Amino acid sequence: MKKEFLALAVSLLTAGSLSPVFAKAAGTWTLIQENKAGAYYADPGSIKAEPGKTAAPQVYTVRTKAVFRDVPFIRLLNEHYGKKLKKGDSADHCELIVSLNPSEGTYRVDRIELYSRSSRLLERKKLKEPFVPIPKGTYMTVLAKQLAAKDETQTPEQPSGTAAVAGTAGKAAVDAAKKNG
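Just so you know, these numbers come straight off a predicted model, no measurement behind them. (Residues numbered from 1 in each chain as written. Predicted model: local features only at pLDDT ≥ 70, side-chain atom pairs only at ≥ 80, totals over all residues. Heavy atoms only, no water.)

1. Things to note about the overall build of the protein chain
Point 1. Within the protein chain, the regular secondary structure consists of 4 helices and 8 strands.
Point 2. Reading the secondary structure of the protein chain in the N-to-C direction produces α-β-β-β-β-α-β-β-β-β-α-α.
Point 3. A burial count over the protein chain gives 45% of its 181 residues as buried. (Helix = DSSP H or I, 4+ residues; strand = E, 2+ residues; numbered from the N terminus. Buried < 20%, exposed > 50% of the residue type's maximum accessible area, 1.4 Å probe, protein only.)

Below is the structure:
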């Protein structure tokens, strides 16, 4: 049953429309996208190229975070995880470790952790899922475009890492928002 709830959470997290918002969030999180279902962040410091891969298609792992806003979904999570929640606490967000292959337009969720408002870990799951196409109009789309832009602008002298992504991130987000209206 818990696997179905996590699948529901992942499907809700990948649904939504693009927002032109791309700004720094508190700490290491950078806001990628917002919609009625939630706010979606990425940790630029967590971006890592898959070891042993130096040529395209490059696969990256990224730590992301989704803060829930959809009240019926939060209520459903609260009902399901009620025994793990203290009085007055509520399901709040999940953190996902995702692998993205920008050149092929695919991704997979490697790990998901569900947290309450008081930062209590409600569930942690490692997933062994295949790569699937990135749904259009999601924050995964924005991340993939940022990483693809990094690959295109990277020169042999330029070190790989988050600095190159940070330089192209704002432009990629604005371009994606313009393209998708």
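2. Focus on the environment of Glu-123
Point 1. With respect to the secondary-structure elements, Glu-123 resides in strand β7 (residues 121-126).
Point 2. Looking at Glu-123, its side chain comes within polar contact range of the side chain of Tyr-81, at 2.5 Å. (Polar contact = N/O pair within 3.5 Å; in protein donor to acceptor, adjacent residues only side chain to side chain.)

3. Some remarks on the packing of aromatic side chains
Point 1. Scanning the model with the defined rule gives 2 aromatic pairs in all.
Point 2. Aromatic pair Tyr-40 and Tyr-139: ring centres 4.9 Å apart, planes at 15°, arrangement stacked. Separated by 99 residues along the polypeptide, Tyr-40 in strand β2 (residues 38-42) and Tyr-139 in helix α3 (residues 139-153) bring together distant segments of the chain. Considered together, Tyr-40 and Tyr-139 belong to a single accessibility category, that of buried residues.
Point 3. Taking 5.3 Å as the distance between ring centres and 80° as the angle between the ring planes, the aromatic pair formed by Phe-68 and Phe-73 counts as edge-to-face. (Phe/Tyr/Trp six-rings, centres within 6.5 Å; stacked < 30°, edge-to-face > 60°.)

4. Structural notes on the pattern of salt bridges
Point 1. Taken as a whole and judged by the stated rule, the model has 7 salt bridges.
Point 2. A salt bridge links Arg-63 to Asp-43; its shortest N-O distance comes to 2.8 Å. Of the two residues, Arg-63 sits in strand β4 (residues 60-68) while Asp-43 sits in the loop between β2 and β3 (48-49), which places them 20 residues apart along the sequence.
Point 3. Residue Arg-63 is classed as partly exposed on the basis of its relative accessible area of 25%.
Point 4. The salt bridge partner of Lys-125 is Glu-123, with a shortest N-O separation of 4.0 Å.
Point 5. When its relative accessible area of 8% is taken as the criterion, Glu-123 is described as buried.
Point 6. Bridged by salt links that share partners, the residues Asp-43, Arg-63 and Glu-95 form one connected network. (Salt bridge = Lys/Arg side-chain N within 4 Å of Asp/Glu carboxyl O.)

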